[in-house]
Amino acid sequence: MLANVLNAVTHQRVLLSPLNWGLGHVTRTIPVISQLLEQGNEVFVCCDEQQERFYRNYFPNIWYIPHAGYPFEFGGKGRWLLDISKQLKTLNAFRKQELRTLNQYVNEFNPDLVISDQRFGFRHTSVRSCIISHQLNLPLPLWAKLGNFFNQQQLNQFDEIWVPDLEGSILSGELSQMPSEKVKYIGWLSRFKYPGVTNEFKEFSHLGVVSGPDPYAKQLYDTMISEFSKLESRTVIIAPSKHITGSTRQFGNCSIQANPSPESMEQLFSTSETVVSRSGYSTLMDLTVMQNNALLIPTPGQLEQLYLAKKHVQHEKWKFTMKLNKKYLEEFRR
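Just so it is clear, the structure is predicted and the values come from calculations on it, not from any experiment.

Caption draft 1: Highlighting the side chain of Arg95. Looking at the secondary structure, you find Arg95 in helix H5 (residues 88-109). We note that Arg95 is buried and unpaired, the nearest opposite charge coming from Glu98 at a distance of 7.9 Å. A polar contact of 2.6 Å, which involves the side chain of Arg95, links it to the side chain of Asn92. When neighbours within four sequence positions are excluded, Arg95 is seen to be in contact with Tyr70, Phe120, Gly121, Arg123, Phe150 and Gln154.

Written out as structure tokens, the structure reads:
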């Protein structure tokens, strides 16, 4: 159980919604929902279809409210700031619409608490509203510093800012440092509960985890299949079903799994020598809990992931690379 401000939330009706840019925002809300349910709360999750399918592996019997994700298309060329700049007007319009939508939810469901995971429009002026975020201080270049002002302005619209890290920003570093009494550190949020390194039998040399927004997730999936299939050792890739085309689930010694159950997911982490993944913050929290060795590939142009790679470059279990290939995979095992 998370030892934090969540402990005081009991026997309430809670509306919760995660951002739709990759499943990391979904996975890190799983322990939050679990604790809320254990404490006698009623939880309503507002999410899109893909997110609901994932959540139902963990919580098949709670309420789900169809709720659109933020409309956004990444160009796939590593130009994150340019992509965002071009779509600021659309994103801001959706944020305002989401505020109106939440008014409807409040009138219909009468919640006691609203929890947003990085959705600026998911809050209400008359209901206690908290946002889960580790991105309080964005690592932006000088010309884009105005973006940090807007980011903190939006965060401060919430009653509390829940940072998924320990006091002192152990994992997130400067990303989660912002002078505000609203900031509450709630500890690492991982869907996993127990370290996996105690399992001596390692069935797979590499476990590939496809995550993040498209088209970057699809690019990583295609690269993993290409490079993993060249290895003589057994490997496995976990990917969203939308990326798995056709009936082929085996490439050489590499097998593909789509959306495994929570038990299977934890077993795969436990029986794999090395996890290969993007270096998103939710992934780092999972790796910290499971104590896995990891080869991490920051999403091109994603400044947050590049910052985290630089911060943890000396980590004893993690290595970072911008390009995945067979030679590096094999060298990393030695």
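Caption draft 2: View of helix H9 (residues 281-290). Counting buried positions over the ten residues of H9 gives nine, a clear majority of the element. Listing the buried residues of H9 in full gives Tyr281, Ser282, Thr283, Leu284, Met285, Asp286, Leu287, Val289 and Met290. The positive-phi residue at the C-terminal boundary of H9 is Gln291, with phi of around 60°.

Caption draft 3: Here's a closer look at the packing of aromatic side chains. This model, assessed by the stated rule, comprises nine aromatic pairs. Measuring from ring centre to ring centre gives 5.6 Å for Phe44 and Trp63, while their planes differ by 25°; the resulting arrangement is stacked. With Phe44 in strand E2 (residues 42-47) and Trp63 in strand E3 (residues 63-66), this pair connects stretches of sequence that are 19 residues apart. Every member of this aromatic cluster is reached through a ring pair, and the members are Phe44, Trp63, Tyr105 and Phe109.

Caption draft 4: Examining the environment of Thr271 more closely. Locating Thr271 in the fold gives a position in the loop between helix H8 (262-270) and strand E12 (272-277). Considered as a pair, Thr271 and Glu203 are 68 residues apart in the sequence and their alpha carbons are 5.3 Å apart.

Caption draft 5: Spatial organisation of the pairing of strand E1 (residues 13-18). The buried fraction of E1 is high, at five of six residues. When E1 meets E2, the two strands line up parallel, connected through four bridges. Looking at E2, one finds that Arg13 is bridged to Glu42. With five bridges joining them, E1 and strand E4 (residues 113-117) adopt parallel strand pairing. For Leu15, the partnering residue across the bridge sits in E4 and is Val114.

Reading the values: the criteria
- Within every chain, residues take consecutive numbers counted from 1 along the sequence as written.
- Reporting of local features is limited, given that this is a predicted model, to residues whose pLDDT is at least 70; pairs of side-chain atoms are given and counted only at 80 or more, and all residues count toward the totals for whole chains, interfaces and linings.
- Remark: hydrogens and water are excluded; side-chain values derive from all non-hydrogen atoms of the structure.
- For the purposes of this entry, the term helix denotes a DSSP run of H or I that reaches at least four residues, the term strand denotes a run of E that reaches at least two, and both are numbered from the N terminus.
- Note on classification: 1.4 Å probe, protein chains only; a residue is buried when its accessible area is under 20% of the maximum for its type, exposed when over 50%, partly exposed between these limits.
- In summary, the charge assignment counts Lys and Arg as positive and Asp and Glu as negative, without counting His or the chain termini.
- Salt bridges are defined as contacts in which a side-chain nitrogen from Lys or Arg sits within 4 Å of a carboxyl oxygen from Asp or Glu.
- Contacts described as polar in this section are N or O atom pairs within 3.5 Å, which, within protein, must combine one atom able to donate a hydrogen with one able to accept it, while residues neighboring in sequence count only if both atoms come from side chains.
- In what follows, residue pairs with any heavy atoms lying within 4.5 Å of each other are defined as contacts.
- Ring geometry is summarised as follows: Phe, Tyr and Trp rings, the Trp one being its six-membered ring, pair when their centres sit within 6.5 Å, and such pairs are stacked at plane angles under 30 degrees, edge-to-face over 60 and tilted between the two.
- Whether two strands pair comes down to DSSP finding at least two bridges between them.

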